[in-house]
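# Coordinate analysis (summary)
Here is how the chains run, residue by residue.
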Amino acid sequence: MSETASTRALQGRHHRPSVTTAPGLLPSLDPLLREWVPRQRWFAGKGRPVTGFDLVSAAELLPVDGILDGVAAPGLLHLLVRARQPGPPARTPEDDDCYQLLLGVHGTLPPRLAHALIGRPDGGPLSGRTVYDALLDPRLCTLLLERLRVPGQLGALRFTVESDTAIASGLTARPLTTEQSNTSVVFGDAYILKVFRRASPGLNPDLELPLALARAKCSRVPPPVAWFESDAAGPVTAAEGPRHHAAEPITLGVLTPFLDGAADGWQLALNALSVRADFTGSARALGHATAEVHTALAETLPTTELRRTHLELIAAGMAERLDAAARAVPALRPYRTRLRTAFHALTTLGRDGRTFAAQRIHGDLHLGQTLRSAGEGRWSVIDFEGEPARPLAERRDVQPAVRDVAAMLRSFDYAARSGPGGGDAWSLEWARRARTAFCRGYAEAGGLDPDSVPELMRAYETDKAVYEVLYEARHRPDWLPIPMAAVRRLAGPDPRLGTDPQLTTDPHVGAGPDPYAEADPEEGDPSFPTYAPPEDRT
């Protein structure tokens, strides 16, 4: 039986009232979720206890007592829940983060899904059944794809398919386990579904921007083919900026083409570092791709000019983030005064009458958000959600395009310091050359030359490094030395101590040819006989 037929068969037996309307559903799940949700990589409230959950919406995508081919079949529930966590006295329930849960329900969990276990409710409508993370179950993921193939409404959920798009059926699902803030599932070699775990009211940029780029005929970004949203009423979280109500649906997931055989830029960079190969040709081509995306966004979506007031607000926000990070990470405190000079330079430019163009941007650009095809070696850019920790309204605001450039420069530095060389002189010179080549390619393809706005670049690179320090301190303490090295460099030498020796590198260190470079007479021969780019799937 096909998955489409299976879905109809399961839904055809769905004549009883849904368990989502039965009393006691969330109370029975609450103790299980309080134990399970905080352990997940996508949980944003780490460091504060979860005291309970509030139900925003619930839908039964597949009945929990379904029968398929005479055998009990797993059910599939969709929940939006707010996690109650302590906060400031003025905090209200609407300030709590909202999370999207897709729960499988089965009498007995097969051993192959033991890693997906959430628990067994002691009471309520699911009493005696096993509840687990449905996005780790390939069978339920395949059935979810079948639901995405058909536009329509199910309770508060709305499913949309891009016009003139036919989504293949019967594809084998392969959940990915490498993401942090979201969950993705690959279907065959055709599609990838990104499910947003933290639900925010308003159009998610990871749907909005790729749709706009697709309609602008920008081929650097995979176009959405289907998505699903929620019309759940009421504000979901005040952390997302001004109050958003039911007039703004919540983007829950986006289905896009899967770039089979493509390798992500982060892995390509680490592979080049492992064999001490140059990366300037690849970096320059990536700069071209980034500029093309920025140009298309500027031509398709609104732009503006940032003047004195805007620059002062940007600088104030950067300074506030620095202060908050320094309170949480004591290692930042000795550098705070010197880092602030980068933000003060922005306000000075504004007072001097300088203006900068602002537009929609990627918002979280780094090597891991890029893919290079195995055949023609063409770069694509993915994951336009922006930094998930920032409010959605901020992620959807116009910003200087060089913010993306600064973020990519930080990524080259990350690769050099976390790669096999561990940040030795050769690796740091590799990063310097890659950074220079990326900026060169970006300017060649029509982007603003980063060298023409050094104050803006330093401010955004400093802001990014501060964000990285806070992130690593919370999630990967062993990686904290990487952004702290950037902090020392960006802060400059302490005038009381002289030059910091960690700020210098050997200017004479060279690098071998770039194995990923496209042929370019100015870059030389791109061949590298002992190494070829891997055909890793992402």
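Described in the following lines is the structure provided in the data block. Computed from a predicted model, the values in this text were never measured in an experiment.

## Here's the deal with the sheet that holds strand β15 (residues 263–264)
With antiparallel pairing, three strands are arranged side by side in an open sheet as β15-β18-β19. Strands with a single pairing partner mark the edges of an open sheet, and in this sheet they are β15 and β19 (379–381). By the bridge criterion, two bridges tie β15 to strand β18 (residues 370–372) in an arrangement that is antiparallel. Bridged to Asp264 within β18 is Leu371.

## Some remarks on unusual backbone geometry
Phi angles above zero are rare outside glycine, and Lys217 is one such case at about 65°. Looking at where Lys217 falls in the secondary structure, it is placed in the loop between α4 (205–215) and β13 (226–230). The phi dihedral of Arg276 is positive, around 55°, even though this residue is not glycine. Along the chain, Arg276 falls in the loop between α5 (265–274) and α6 (280–300).

## Quick notes on the side chain of Ser427
With respect to the helices, strands and loops of the structure, Ser427 is situated in helix α11 (residues 425–444). Discounting residues that sit within four places of it in the chain, Ser427 has contacts with Leu273, Ala416 and Gly421.

## Focus on the packing of helix α7 (residues 308–328) against helix α8 (residues 336–351)
Close contact between α7 and α8 brings their axes to 7 Å; oriented N to C, the two are set at 170°. On the basis of the axis angle, α7 is roughly antiparallel to α8. Contacts from Arg308, Leu311, Glu312, Ile314, Ala315, Met318, Ala319, Leu322, Asp323 and Ala326 of α7 reach α8 at Arg336, Leu339, Arg340, Phe343, Leu346, Thr347, Gly350 and Arg351.

## Some remarks on the pairing of strand β14 (residues 250–257)
Extensive coverage of β14 is indicated by the burial of seven of its eight residues. Direction of pairing for strand β12 (residues 191–196) relative to β14: antiparallel, over a ladder of five bridges. When the bridges of β14 are listed, Leu193 appears paired with Leu255. With five bridges connecting them, β13 and β14 associate as antiparallel partners. Paired with Trp227 across the bridge in β14 is Val254.

## Some thoughts on the nonpolar core
Formed by 78 residues in total, the largest nonpolar core has its most connected members in Phe279, Leu332, Leu339, Phe412 and Trp430. Setting aside residues up to four positions removed in sequence, Leu339 forms contacts with Leu322, Leu332, Thr462, Val466, Val487, Leu490 and Ala491. Counting 39 residues, the second-largest nonpolar core is a separate cluster that includes Cys141, Tyr191, Leu193 and Ile250.

## Here's the deal with the environment of Pro121
On the secondary structure map, Pro121 appears in the loop between β6 (117–119) and β7 (130–133). For Pro121, the contacting residues outside a window of four places in its chain are Ser28, Leu29, Leu32, Leu126, Ser127, Gly128, Arg129 and Val131.

## Quick look at the environment of His294
As for its position among the elements, His294 is in helix α6. Since its relative accessible area comes to 4%, His294 is described here as buried. A sequence separation of 67 residues divides His294 from Ile361, and the C-alpha atoms of the two residues are 6.6 Å apart. Among residues more than four places away in sequence, those in contact with His294 are Gln359, Ile361, Ala401, Asp404 and Tyr442.

Definitions and cut-offs
- Residues numbered from 1 in each chain as written.
- Predicted model: local features only at pLDDT ≥ 70, side-chain atom pairs only at ≥ 80, totals over all residues.
- Heavy atoms only, no water.
- Pairing = 2+ DSSP bridges.
- Helix = DSSP H or I, 4+ residues; strand = E, 2+ residues; numbered from the N terminus.
- Contact = heavy atoms within 4.5 Å.
- Axes fitted to C-alpha atoms, helices over the stretch in contact; angles between N-to-C directions.
- Parallel < 35°, antiparallel > 145°, perpendicular 65-115°, else oblique.
- Buried < 20%, exposed > 50% of the residue type's maximum accessible area, 1.4 Å probe, protein only.
- Core = buried A, V, L, I, M, F, W, Y, C linked by side-chain atoms within 4.5 Å.

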